[in-house]
Amino acid sequence: MSDISLIVTIVRKGWGDTVLEASIKAGAHGGTIMYGRGSGIHERQKILGISIEPEKEIVLTVTYSDKNERILKEIVSVTNLDEPGMGIAFVVPVDKVAGVAHLASEVAKLDL
């Protein structure tokens, strides 16, 4: 299962569905949207002297490594991640995976 990767995309609240749709358009089978909070150098805002922690959406997409480039390009294209403050996306190799029947059925038996 060394040909499996996890694409992690962190964007502003409200952009998770856009990322998920772009991923599927580029060949992903789906994804998971989680909510979080955090700040970057472009998001240090205050209202009445109180710091605001921006809300984020984190999209997790498990896919084959040979699809990473196409999916990542589509995500960057629709979310403008190449512009400051728009978010971040990165790819992490996955050694083992379980519970993803559509991936496991296409690969030899898992050695868990």
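A brief report on the enclosed structure follows.

Criteria and cut-off values
Residues numbered from 1 in each chain as written. Predicted model: local features only at pLDDT ≥ 70, side-chain atom pairs only at ≥ 80, totals over all residues. Heavy atoms only, no water. Salt bridge = Lys/Arg side-chain N within 4 Å of Asp/Glu carboxyl O. Helix = DSSP H or I, 4+ residues; strand = E, 2+ residues; numbered from the N terminus. Buried < 20%, exposed > 50% of the residue type's maximum accessible area, 1.4 Å probe, protein only. Pairing = 2+ DSSP bridges.

Let's shift gears to the pattern of salt bridges. Tallied over the entire structure, the rule returns 2 salt bridges. Salt-bridge contacts for Lys13 lead to Glu55; the nearest nitrogen and oxygen are separated by 3.0 Å. Separated by 42 residues along the polypeptide, Lys13 in the loop between strand E1 (4–12) and helix H1 (16–25) and Glu55 in strand E5 (residues 55–64) bring together distant segments of the chain. Note on Glu55: relative accessible area 46%, which makes it partly exposed. Residue Lys25 is joined to Glu74 by a salt bridge in which the shortest nitrogen-to-oxygen separation is 3.5 Å. One end of the pair, Lys25, is in helix H1; the other, Glu74, is in helix H2 (residues 68–79), with 49 residues separating them in the sequence.

Looking now at the pairing of E5. Most of E5 sits inside the fold, with 7 of its 10 residues counted as buried. Pairing of E1 with E5 involves 9 bridges; the strand directions are antiparallel. If you follow Val11 over to E5, its bridge partner there is Glu57. Direction of pairing for strand E2 (residues 32–37) relative to E5: antiparallel, over a ladder of 6 bridges. Each residue of the ladder has a partner; that of Arg37, found in E5, is Glu55.

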